[in-house]
Amino acid sequence: MNTMTSIQPGERIRLPARRGVAIRLEQGQTLTLINTHGQQVVDTWAFNPHDLREAMSMEHSRPFWLKLNPRQGDSLVTNQRRKILTLTEDTTPGVHDTLVAACDPTRYRQLGVVGHHDSCNENLFLALDALGLAVTETPSPLNLFMNVPVHQDGRIEFAAPVSEAGQYVCLKAEMDAIVVLSACPQDITAVNGMSPQDVHYSIS
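Residues numbered from 1 in each chain as written. Predicted model: local features only at pLDDT ≥ 70, side-chain atom pairs only at ≥ 80, totals over all residues. Heavy atoms only, no water.

Focus: the overall build of the protein
Moving on, step 1. Within the protein, the secondary structure is distributed over three helices and eleven strands.
Moving on, step 2. The C-alpha atoms of the protein give 16 Å as radius of gyration, which agrees with the globular expectation for 204 residues (17 Å, within 12%).
Moving on, step 3. For the C-alpha atoms alone, the extent of the protein along its principal axes is close to 40 × 40 × 35 Å.
Moving on, step 4. Each of the 204 residues in the protein was classed as buried or not, and the buried ones make up 51%.
Moving on, step 5. Long-range pairs, those at least 24 residues apart, make up 76% of the contacts in the protein between residues at least 6 apart in sequence.
Moving on, step 6. Accessible area for the protein stands at about 9300 Å²; split by element, carbon and sulfur atoms hold 47% of it.
Moving on, step 7. Charge centroids of the protein, computed over 16 positive and 22 negative side chains, lie 2 Å from each other. (Helix = DSSP H or I, 4+ residues; strand = E, 2+ residues; numbered from the N terminus. Rg over C-alpha atoms; globule rule 2.2 N^0.38 Å. Buried < 20%, exposed > 50% of the residue type's maximum accessible area, 1.4 Å probe, protein only. Contact = heavy atoms within 4.5 Å. Areas by Shrake-Rupley, 256 points an atom, 1.4 Å probe, with all protein chains shown as cover. Lys, Arg positive; Asp, Glu negative; His and termini not counted. Charge placed at Lys NZ, Arg CZ, Asp CG, Glu CD.)

A look at the state of the cysteines
Moving on, step 1. Inspection of the entire model under this criterion finds zero disulfides.
Moving on, step 2. With no disulfide of its own, Cys-184 lies 3.7 Å from the sulfur of Cys-120, the closest cysteine sulfur. (Disulfide = S-S within 2.5 Å.)

Thoughts on the sheet that holds strand E11 (residues 199–203)
Moving on, step 1. Strand order in this open sheet of six strands is E1-E11-E3-E9-E7-E6, and the pairing throughout is antiparallel. This sheet does not close on itself; its edge strands, each paired only once, are strand E1 (13–15) and strand E6 (75–77). Taking the axes of each pair of neighbouring strands and ignoring which way they run, one obtains an average angle of 25° across the sheet.
Moving on, step 2. Of the pairings in the sheet, the one linking E6 to strand E7 (residues 83–90) comprises three bridges and is antiparallel in character. What sits directly across from Leu-76, in E7, is Leu-85.
Moving on, step 3. Sheet strands touched by helix H1 (residues 58–65): E6 and E7. Its angle to E6, the strand with the most contacts, is close to 135°. (Pairing = 2+ DSSP bridges. Axes fitted to C-alpha atoms, helices over the stretch in contact; angles between N-to-C directions.)

Re the pairing of strand E5 (residues 51–55)
Moving on, step 1. Taken together, the two bridges between strand E4 (residues 42–48) and E5 define a ladder with antiparallel strand orientation. Looking at the pairing, Phe-47 lines up with Ala-55 of E5.
Moving on, step 2. The loop that links E4 with its antiparallel partner E5 comprises two residues.

Digging into the confidence of the model for the protein
Moving on, step 1. Confidence along the protein averages 94 in pLDDT terms, with 97% of residues attaining 70 or more.
Moving on, step 2. Confidence drops under a pLDDT of 50 for residues 1–5, and excluding neighbours within four residues, the segment shows 17 contacts in the predicted structure. (pLDDT = per-residue confidence, 0-100.)

Re the nonpolar core
Moving on, step 1. In terms of nonpolar packing, the biggest core is built from 30 residues, with Leu-33, Leu-85, Leu-181 and Tyr-201 touching the most fellow members.
Moving on, step 2. The biggest single contributor to this core is strand E10 (residues 177–183), with four residues.
Moving on, step 3. One finds Val-41, Trp-45, Ile-178 and Cys-184 within the second-largest nonpolar core, a separate group that totals 23 residues. (Core = buried A, V, L, I, M, F, W, Y, C linked by side-chain atoms within 4.5 Å.)

Structural notes on the environment of Asp-74
Moving on, step 1. Tracing the chain through its elements places Asp-74 in the loop between H1 and E6.
Moving on, step 2. Put simply, Asp-74 and Leu-85 are eleven residues apart on the chain and 8.7 Å apart in space, counted from C-alpha to C-alpha.
Moving on, step 3. Ignoring anything within four residues of it in the chain, the contact list for Asp-74 reads Trp-65, Lys-67, Asn-69, Leu-85, Thr-86 and Leu-87.
Moving on, step 4. One polar contact links the side chain of Asp-74 to the main-chain amide nitrogen of Arg-71, over a distance of 2.7 Å. (Polar contact = N/O pair within 3.5 Å; in protein donor to acceptor, adjacent residues only side chain to side chain.)

Quick word on helix H3 (residues 120–130)
Moving on, step 1. Every buried residue belonging to H3 is among Cys-120, Asn-121, Asn-123, Leu-124, Ala-127 and Leu-128, and all of these are buried. An end-on view of H3 places all buried positions within 160° of arc, on one side of the element.
Moving on, step 2. Packing partners of the buried residues in H3 comprise strand E2 (20–25), E4 and E10. (Arc of directions from axis to C-beta.)

Now the structure itself:
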């Protein structure tokens, strides 16, 4: 797992498919997340490093924006309604998701998987553990690049991402933060185009 002490400014780091990483960001730093191959969802969390109980919250962010998904210039807020990250640049079509919980072992059993399957929930806990940290529950993530259309009758759908290879988002830390990224291992539904792939990130 990578930490801030091992990342040079501007260095491009590979996050392998199906894996996660926890990154320490200082206030004012920007994390650039590149969808290297174009159709990889990245579950994203952010925590107050001084109190992990304060975490980026989709439930609190949606009423802050008065919409379902952030657009360039929008800030994400914590469960204390404080800004923690701002989406400063987005070269994708802007299709992300704030509704769907992170995949976990129960979800894969419900999808018919027998035995172990990597999950974003597991990646969150492993990534934090690599920094000597732990949380007691999994907040709902910001699912970057994930395409979950909401239909007029209220139905949602799991569709393939519409982002293209090399497109990226930039997230600026509005406070010191620990950001966790999970290159989603979902290969049962279409959310990763059925084939999880590596992504890359850098810090400036």
